[in-house]
2 protein chains.
Amino acid sequence: MALDPLSAKFAALADPTRRAILARLALGEASVSELAAPFDMTMPAVSKHLKVLEGAGLIARGREAQWRPCRIEPEGLKNVDSWLESYRRFWDKRLDRLEHYLHTLQSKDRKRGRRKQG
Amino acid sequence: MALDPLSAKFAALADPTRRAILARLALGEASVSELAAPFDMTMPAVSKHLKVLEGAGLIARGREAQWRPCRIEPEGLKNVDSWLESYRRFWDKRLDRLEHYLHTLQSKDRKRGRRKQG
């Protein structure tokens, strides 16, 4: 069963090696052998991780026959960030206070509206 | 092999039902049966998902013997957000421009410093 796009991204990120590859690609594009070197991994093992990242839309690979540079997909994590957005209030107290403040303003505004009508 | 905390969170989120359970708990605590109802799932199936979410530190469960309410763990997604932070510049052009502007300011500042020394 194919994963939905957001699940595929979360699944791809659930691995420290794949997150490290992504961190390396955030600095600039790299070849498979350049990516394999710091991890002490075989090329097929790295290729497997790259396939997962590519399938999830987190990286893209060049189409050059010999050297297929990997690069980060700039908008790849955008929907992960959007998903997280609605939960941010739980740990970001500043957001929480802002929300509270806006609610106060809105309720004051409603009361004022009622007074005018009455 | 046990997953590292961040991988465990990503793995837990790589499932639409678990994300839906989390979205429901963001509105307030709920019992297992309350959570099972809208999903047309058996209680054991829901319990299994809850165990994954709890193991990843995304939810907590009350210790009351009969009714064990589930609630969202307010700081559960904080490290996911922190991890995402360093990638935000890729899709948030405003952040990118801000970063660029800060670099310009810093380099102007450095030049000014050198001129004063010279």
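The structure we're discussing is the one just above.
This text gives an overview of the structure that appears in the document.

1. Focus: the environment of Ser31(B)
Residue and element names in this part refer to chain B. As for its position among the elements, Ser-31 is in the loop between helix H2 (16–25) and helix H3 (32–39). Accessibility expressed as a relative area gives 6% for Ser-31, which makes it buried. Separated by 40 residues in the primary sequence, Ser-31 and Arg-71 place their C-alpha atoms 8.9 Å from one another. Here the side chain of Ser-31 touches Ser-33 through a polar contact of 3.3 Å, side chain to side chain.

2. Some details on the side chain of Ser7(B)
Its place among the elements puts Ser7(B) in helix H1 (residues 5–13). A polar contact is formed between the side chain of Ser7(B) and the side chain of Asp4(B), at a distance of 2.4 Å. Aside from chain neighbours lying at most four places away, what touches Ser7(B) is Ala14(A), Asp15(A), Pro16(A) and Arg19(A).

3. Notes on helix H4 (residues 43–55) of chain A
All names here are of chain A. In this model H4 runs 18 Å from its N-terminal to its C-terminal C-alpha over 13 residues, within 8% of the 18 Å that 1.5 Å per residue would give. Listed as buried for H4 are Val-46, His-49, Leu-50 and Leu-53. In a view along the axis of H4, the buried residues occupy a sector of 100 degrees, so they form one face of it. Among the exposed residues of H4, those oriented more than 90 degrees off its buried face are Pro-44, Lys-48, Lys-51 and Gly-55. Elements that come into contact with the buried residues of H4 comprise helix H1 (5–13), helix H2 (16–25), helix H3 (32–36), strand S1 (59–61) and strand S2 (70–72). Just downstream of H4 lies Gly-57, where phi reads positive at about 75 degrees.

4. Considering the packing of aromatic side chains
Following the criterion strictly, the structure yields seven aromatic pairs over all chains and no others. Ring geometry for Phe10(B) versus Trp83(B): centroids 5.4 Å apart, planes at 75 degrees, classification edge-to-face. In this pair, Phe10(B) sits in helix H1 while Trp83(B) sits in helix H5 (residues 78–85), placing the two residues 73 residues apart along the sequence. An identical accessibility class is assigned to Phe10(B) and Trp83(B); each is buried. Among the aromatic residues, those joined into a ring-pair cluster are Phe10(A), Trp83(A), Tyr87(A), Phe90(A), Phe10(B), Trp83(B), Tyr87(B) and Phe90(B).

5. A closer look at the interface of chain A and chain B
Contacts between chain A and chain B engage 28 residues on the former and 28 residues on the latter. Carbon and sulfur atoms make up 67% of the surface buried where chain A meets chain B, a total of about 2,500 Å² over both sides. Taken as a group, Arg19(A), Phe90(A) and Trp91(A) account for 24% of the area that chain A buries against chain B, more than any other trio of residues on that side. Linking chain A to chain B there are four salt bridges.

6. Considerations on unusual backbone geometry
Phi is positive for Asp40(A), which is not a glycine, with a value near 55 degrees. Tracing the backbone shows Asp40(A) in the loop between H3 and H4.

7. Quick word on the pattern of salt bridges
Residues and elements named next belong to chain A. Applying the stated criterion across every chain yields a total of 12 salt bridges over all chains. Arg-71 is the partner of Glu-29 in a salt bridge, and the nearest nitrogen-oxygen pair spans 3.1 Å. In this pair, Glu-29 is assigned in the loop between H2 and H3 and Arg-71 in strand S2, connecting sequence segments 42 residues apart. When its relative accessible area of 40% is taken as the criterion, Glu-29 is described as partly exposed.

Calculation notes
- Residues numbered from 1 in each chain as written.
- Chains lettered and ligands numbered in written order.
- Predicted model: local features only at pLDDT ≥ 70, side-chain atom pairs only at ≥ 80, totals over all residues.
- Heavy atoms only, no water.
- Helix = DSSP H or I, 4+ residues; strand = E, 2+ residues; numbered from the N terminus.
- Buried < 20%, exposed > 50% of the residue type's maximum accessible area, 1.4 Å probe, protein only.
- Polar contact = N/O pair within 3.5 Å; in protein donor to acceptor, adjacent residues only side chain to side chain.
- Contact = heavy atoms within 4.5 Å.
- Expected span 1.5 Å × (residues − 1).
- Arc of directions from axis to C-beta.
- Phe/Tyr/Trp six-rings, centres within 6.5 Å; stacked < 30°, edge-to-face > 60°.
- Buried area = accessible area lost by both parts, 1.4 Å probe.
- Salt bridge = Lys/Arg side-chain N within 4 Å of Asp/Glu carboxyl O.

Note that every value here comes from positions in space, so none of it alone points to a role or purpose.
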